[in-house]
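Breakdown of the fold
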Amino acid sequence: MNIVLFGPPGAGKGTQAKVLTEKRGLPQLSTGDMLRAEIAAGSPLGQKVEGILAKGDLVPDATVIDIIANRYDRPDCAKGAVFDGFPRTIAQAEALDAMLAKRVKKIDVVIELKVDEAILLGRVEQRIKEGTARADDNPVTVKNRLGVYRNQTAPLLDYYGKQGKVITVNGMAPIDDVTRAIAAALDKHR
Ligand code: AMP
């Protein structure tokens, strides 16, 4: 099964992706994690994207599409994957559909984690206070990331909605409740 976890930055996609990996054996394909690993390794790609991540802008579509296609061809994705933070633009979604179609696969379901933006900013402030914030977790960058989400990523809801694939879950509920709601939606889907 190929699942897209969808929602604004800070909605809890990463947390829920890890649960799905553990419970269903589907690897988490997080472009954000992969890009941060490149930056940490100091690779040419990492050097190219570091400034973009620091600002909260999107790296070029071709870059992330390439990363995802390579990652998806590893054997652990044979039964599918959980896409976390990808796709983020219509062009990425189209490329993903084409990439999967070539492999006689498809996106089965898109789980939208619906959250209130004011709460997201509060969560970031909390992470800063606790010292668990990421480099791009500061109020200015987060506001930019939310704007980018609204302009470039939110239109994907319509793209996948037209394909009848979107299941919306209340992302503001406690983590375990969100996990249960996702599990129920996926079990019903099968
Ligand atoms: P994330 O960890 O998913 O919040 O991603 C962190 C940052 O990595 C984003 O703010 C972007 O700069 C970059 N990024 C991650 N995934 C993508 C993507 N699919 N397309 C473009 N940029 C991305």
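That block above? That's the structure.
The next thing to look at is unusual backbone geometry. With the exception of glycine, the majority of residues adopt a negative phi angle, and the majority of peptide bonds are in the trans configuration. Cis rather than trans, the peptide bond between phenylalanine 86 and proline 87 has omega equal to 0 degrees. Along the chain, proline 87 falls in the loop between β3 (81-84) and α5 (90-102).

Moving on: the packing of aromatic side chains. Considering all chains together, one arrives at four aromatic pairs under this definition. With 6.0 Å between their ring centres and 20 degrees between their planes, tyrosine 72 and phenylalanine 83 make a pair best called stacked. Of the two residues, tyrosine 72 sits in helix α4 (residues 61-72) while phenylalanine 83 sits in strand β3, which places them eleven residues apart along the sequence. When sorted by exposure, tyrosine 72 lands in the same class as phenylalanine 83, which is buried. Aromatic side chains phenylalanine 83 and phenylalanine 86 sit 6.4 Å apart centroid to centroid with 40 degrees between the ring planes, which places their arrangement in the tilted category. For the pair phenylalanine 83 and phenylalanine 86, one class covers both residues: buried. Clustering of aromatic rings is evident, with ring pairs tying together Tyr72, Phe83 and Phe86.

Quick notes on the rules
- Residues numbered from 1 in each chain as written.
- Predicted model: local features only at pLDDT ≥ 70, side-chain atom pairs only at ≥ 80, totals over all residues.
- Heavy atoms only, no water.
- Helix = DSSP H or I, 4+ residues; strand = E, 2+ residues; numbered from the N terminus.
- Phe/Tyr/Trp six-rings, centres within 6.5 Å; stacked < 30°, edge-to-face > 60°.
- Buried < 20%, exposed > 50% of the residue type's maximum accessible area, 1.4 Å probe, protein only.

So, to be careful, I would describe these as geometric facts and stop short of saying anything about function.
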